[in-house]
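Fold and contact review
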Amino acid sequence: MGIEIIMQLETPEGCLLVLSLQSSSDKASILSILQVLGDLLSVGTDRRIHYMISKGGSEALLQTLVDTARTASPDYDILLPLFRLLAKVGLRDKKFGQKALELEALDVTLILARKNLTHSQNLLHCLWVLRVFASSVTTGAMLGINGAMELLFKVISPYTRKNTQTIRAATEVLAALLKSKSNTRRAVNRGYVTSLLRLHQDWHSHDTTNSYLQIRRGLLLCLRHIVTLRSGREAFLVAQGMETLFTIAQNCLDDKSMEPVTSALLQILRQCYPESPLPLVTVSSAYVFPVPGCSSSEPPCTLTEEDLEDDGDEEVDQDTDSKDVREEDDDLETDVDKLSSEPGLDRPEGELIQYEAMCHELSDSFEELASKFGDVLNFEDTQHANHCHIPSAASPPQHCFNTDQSWRQEKEDVVQTSILNMVKAGKATMHLYSKNRPIMKLCQSVQQNGLGTDSPGTFDTKAFLEEDAWNIEEISCPSINVFFSNSCKPRETDERISKLLHTHPRHIPFHDPCLYMAKTRKTRSVVDFKMMAFPDLWGHCPPPTAHSMLDRKWGIQRIKILEDIRRFIQPSDIVNKVVFSLDEPWPSQDSDFNCLRFSSTFESGNLRKAIQVRESEYDLLVNADVNSSQHQQWFYFKVSGMRAAVPYRFNIINCEKPNSQFNYGMQPTLYSVKEALLGRPNWIRTGSEICYYKNHYRQSTAATGGTSGKFYYTLTFAITFPHNEDVCYLAYHYPYTYSSLMTHLDILEKSINPRQVYFRKDVLCQTLGGNPCPLVTITAMPESKSADHLEQFRHRPYHVITARVHPGESNSSWVMKGILEFLVSNDPVARLLRENFMFKIIPMLNPDGVINGNHRCSLRGEDLNRQWLSPQAHLQPTVYHAKGLILYLNSIGRTPVVFCDLHGHSQKKNVFLYGCSMKETLWQAGCAAGGSALVEDVSYRMLPKILDKLAPAFTMSSCSFLVEKSRAATARVVVWREMGVSRSYTMESSYCGCNQGPYQGLQFGTGELEEMGAMFCLGLLILELKSVGCSPQLLAQATTLLNANEDTLDHHLQRCLDSSKFSSRNMSELDDEPPCMEEIDYIGDNSSDQEQIFSELDKQIQEYAFNKNKGQEDEEGTGRQRRAIP
Ligand SMILES: [Zn+2]
């Protein structure tokens, strides 16, 4: 039978070449056509090959193969170049396997391979083509049925230096075939697991010069596919695979050239490390709170081994390329109705009147204005010395310790350090300062200082700590005293604290330990915490220098994973002792000096269990959010009983997010009590050997309600504590508790000059847990109670700022702290802002979550930032009333100019805003219909553009203005759509730090976050100056102010003010993150693997052709052996 296929190909010269491959035609013409095709495709791009495929090229070549092979004595002069072409074309044709199957090319190729078992050159060509056929899983399954695997095992021999190219190709074909589950099952049944392990061990032990890494890798790839099946894993364990490969992996670890082998080894070991449930009685939170509308009677599910379902054993072989890739854009909202602004009410209009009481500023007649604050001098003498503090990363450290600073002195400081001096370019100097000065190592400082030698005063710190006199756990919240009246009395507690403060004088702006203690007495937690964490009580100052991001040590993750696997293989040094647990009693630690002591039953603390694994290694589990069985990411706990200079390894083994900034330079934070008492009350970034990866723990299917079990991730880090027998605190990020906020607000209120600053604290509502949720109003007092002045006062536009709806995002509280302190400060910019705006601020939308150590949710176990569409007063009170307040402002014609909800971001660096744009969303989603006709005010882009120029940490390039369906119930989208606030934002601050701007390469400290808050306020002023409706008076005042600062004012700022020149700078989208050098998951990404294998195959064929032209075949590897083609 003769099939004629005509191919028209564009030659490099641009003419059309018509080729005709016809069966049974003469050898000479077929050869010349193959020659031309080979030449064409070898110089051309993939486009040319794809064109040829689209014109039936694959079929023509396959048909020629079948016809040629079926002759009585196949002609290898034709077959060899044909095989090379088939491999090259086949690699790019996704349907190639299917076409080969239909044209019966599989059988003829297998037959040719069998005939040529002793003829390595011919065999190699057959293997290349089989490799391409096998890239389709269904075709691979068919090859398996026809005996391909047995054939390959005849080719793959123990170590030899002969025919290694062929052996390599055979291992690669086998690996490809084993992607088919039916082949894998066959392989397990025939005992191939043992054979492959022996082969690999043989090659490993003989190949001492690492000349045949590709063969060793090929064998491992075969095993890797087999162990995706449960039966494969079982066979692997029975064959002592873990022990064998573990030993090999340990030998390979330090050798970078072994990379291809090492990564495959690790993947197999991780896959075969038996899965197990978390060592917890239940994954549900240890804390339960009876809340309305919650089925709290949910039975705790006990985890058993049997619950762990096998995930990999699907019966049907499926080609991966048939799966549709779900586009990210699918989540974009494309329904114009749902994007359109819709002024509407989710509650009866009459209810809104209750918020009138929270807007007292609108009705106050300020009768007392003239007389009450007449005596200014007296006021100044009596106030706290805090109110001039400008939150700044550059705050001089003496701020923290100098108690002698008078109010006036600080006032002078402030005038010199107006925020205008700190805009982007100006900050660059601070950056250099940080960069050039090596970060002080805790240990060094300790060695230099010597413990106790620089202790302020005569107080004996050591003795103090040892005698446990101050044990803050016993310094208690009041509730304990009510119930345990014979224990520590509040008075005694106060005395202890006073003694401590007296002997360790320090001053931290906006903090007061005694007030903090008083505040904790009113804070209500679910399980009635009876302790305070020392750092929250004592206070924190940003350390004088910023911390660089941690450089990731090469191969660190592998080392950690092998250490984990060693527990399974060499359990001799495993202690496995529970040393702390919320759920069960554990042996008393008092007498045990060989282990650390843990605790976290204090505000925002959430350690659930600690297990000593090895002498200085601990597995830690954090509590799930209250009334939930998930969201473990935040951690905050106390550790004591340590020895100095010993690296302790901590593994938090039940993290949930699939990746983390801990893989990209972020470190956890540490607070040492001894350091604090030595005058360094700082949370610092610390820890080494940090990585974050998927572990072998798995949630049972029963616990997830039948859906496939969830994976967990390990965050591991090593800490070397600075002192012996210290008490230290470790946290995910700088803690900021609810009691800290309440303390802070009190001090702020006392610190302001009430003649100038209008500062009012209201209670927005009570939370479900019974804590008041504060609402703060800040503006300037009216100049006088004259009608004009009151008129001006009452008509100031509103800005609404909220934060900490997600409790684990403590970074947002530090930004909020910066905003609050700046707004009440004496900075001229702050004064202008107060005189022209009213600020409505809800600094903590989820107090209960913060108090109880949640990461994400409220006491009902729900994400409050998904409740804004229809919140209910008795279920989500803070959201209900926050929305109510904005609805009220809306209803009286006082819609906020800007709404911003502050958050923290765990995956990205820098600070950025998310906004809402209907037009950008439709455009991005490819909806031409909505896009062009639509008119949209683009002013939502102005504030982020301004911040990009002002704030060192901020970057426009990460901002997005797309509206996603999944975000329809967030504050940002609801305030934008229902209240018509076009400038409605979410501000995201990285947990880590910056990869651009003056802070590039630095992790955030609290100073940088607070500075961001101040910069945000300055941004609001500039935004107003640039708006059309800006009052001439404000413009004049601002111009004077800005000109006065001209010397120090960054020229960026000038450009900001000059609208005509305002254009966004050329911003290349920063990649979210470079890919992690080592895989987070068990199994590496198969698709990139595939591409790599293909490009390698291409290379092999090319090298072959090249050497053939030279008349020689170079053996793969060292090249020591050369032989002629047989
Ligand atoms: Zn958030």
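Residues numbered from 1 in each chain as written. Predicted model: local features only at pLDDT ≥ 70, side-chain atom pairs only at ≥ 80, totals over all residues. Heavy atoms only, no water.

The next subject is empty space enclosed by the protein. Scanning all chains against the criterion turns up 11 cavities of 30 Å³ or more. Considering only enclosed or pocket space, the second largest cavity measures out at about 90 Å³ in volume. What lines the second largest cavity is a set of 10 residues, among which Tyr273, Ile561, Asp564, Asn695 and His696 lie closest to the centre. Only helix H29 (556–569) and strand S11 (688–698) provide two or more residues apiece to the lining of the second largest cavity. Tallying contributions element by element places S11 first for the lining of the second largest cavity, with 4 residues. Residues belonging to the lining of the second largest cavity are distributed by class as follows: 5 nonpolar, 2 polar and 3 charged. (1 Å grid on protein atoms, 1.4 Å probe; cavity = no way out; pocket = protein on both sides within 12 Å on 5 of 7 lines; lining within 4 Å. Points joined across faces, edges and corners; volume = space filled by probe spheres on them. Helix = DSSP H or I, 4+ residues; strand = E, 2+ residues; numbered from the N terminus. Nonpolar A, V, L, I, M, F, W, Y, C, P; charged D, E, K, R; others polar.)

This part is about the coordination of the zinc ion. Looking at the metal site, the zinc ion is ligated by His806 (ND1), Glu809 (OE), Glu809 (OE) and His903 (ND1), spaced 2.1 to 2.3 Å from it. For the zinc ion, the 4 donor atoms are set out with angles of 58 to 150 degrees between them, so the coordination reads as irregular. For the zinc ion, the donor residues sit on a single chain with the sequence spacing H-x2-E-x93-H. You can see Glu809 sitting in the loop between strand S16 (798–803) and helix H33 (810–823) and its partner His903 sitting in strand S18 (residues 898–905), a full 94 residues away along the chain. A relative accessible area of 3% means that His903 is categorised as buried. (Donors = N, O, S within 2.8 Å, 3.2 Å for Na, K, Ca; no water. Tetrahedral: all angles 85-135°; square planar, octahedral: opposite > 155°, others 65-115°. Buried < 20%, exposed > 50% of the residue type's maximum accessible area, 1.4 Å probe, protein only.)

We now examine the state of the cysteines. Applying the stated rule across the entire model yields 0 disulfides. Not part of a disulfide, Cys992 finds its nearest cysteine sulfur in Cys994, a span of 8.8 Å. (Disulfide = S-S within 2.5 Å.)

Time to look at the nonpolar core. One finds Phe598 and Phe650 to be the most contacted residues of the largest nonpolar core, which totals 139 residues. Ranked by the residues each element gives to this core, the list is headed by helix H41 (residues 1006–1026), at 12 residues. Membership of the second largest hydrophobic core comes to 103 residues, among which are Leu79, Leu85, Ala134 and Ala169. (Core = buried A, V, L, I, M, F, W, Y, C linked by side-chain atoms within 4.5 Å.)

One pass over the full model with this rule turns up 38 aromatic pairs. Directly above the ring of Tyr880 sits Arg347, whose terminal nitrogen or CZ lies 3.8 Å from the centroid. Positioned above the aromatic ring of Phe711 is the side chain of Lys694, whose terminal nitrogen or guanidinium carbon lies 3.8 Å from the ring centre. (Phe/Tyr/Trp six-rings, centres within 6.5 Å; stacked < 30°, edge-to-face > 60°. Lys NZ or Arg CZ within 6 Å of the ring centre and 35° of its normal.)

The next subject is the packing of helix H6 (residues 105–115) against helix H7 (residues 120–133). At their nearest, the axes of H6 and H7 sit 9 Å apart, and the two run at 150 degrees to each other. On the basis of the axis angle, H6 is roughly antiparallel to H7. Helix-helix and strand crossings are classified by hand; for H6 and H7 the assignment is left-handed. Of the residues in H7, those touching H6 at Ala105, Leu106, Thr109, Leu110, Leu112 and Ala113 are Leu123, Cys126, Val129, Leu130 and Phe133. A class-by-class count of the residues in the contact of H6 with H7 yields 10 nonpolar, 1 polar and no charged. (Axes fitted to C-alpha atoms, helices over the stretch in contact; angles between N-to-C directions. Parallel < 35°, antiparallel > 145°, perpendicular 65-115°, else oblique. Left-handed = near helix turned anticlockwise from the far one by under 90°. Contact = heavy atoms within 4.5 Å.)

Bear in mind that shape data such as this cannot, by itself, settle questions of function.
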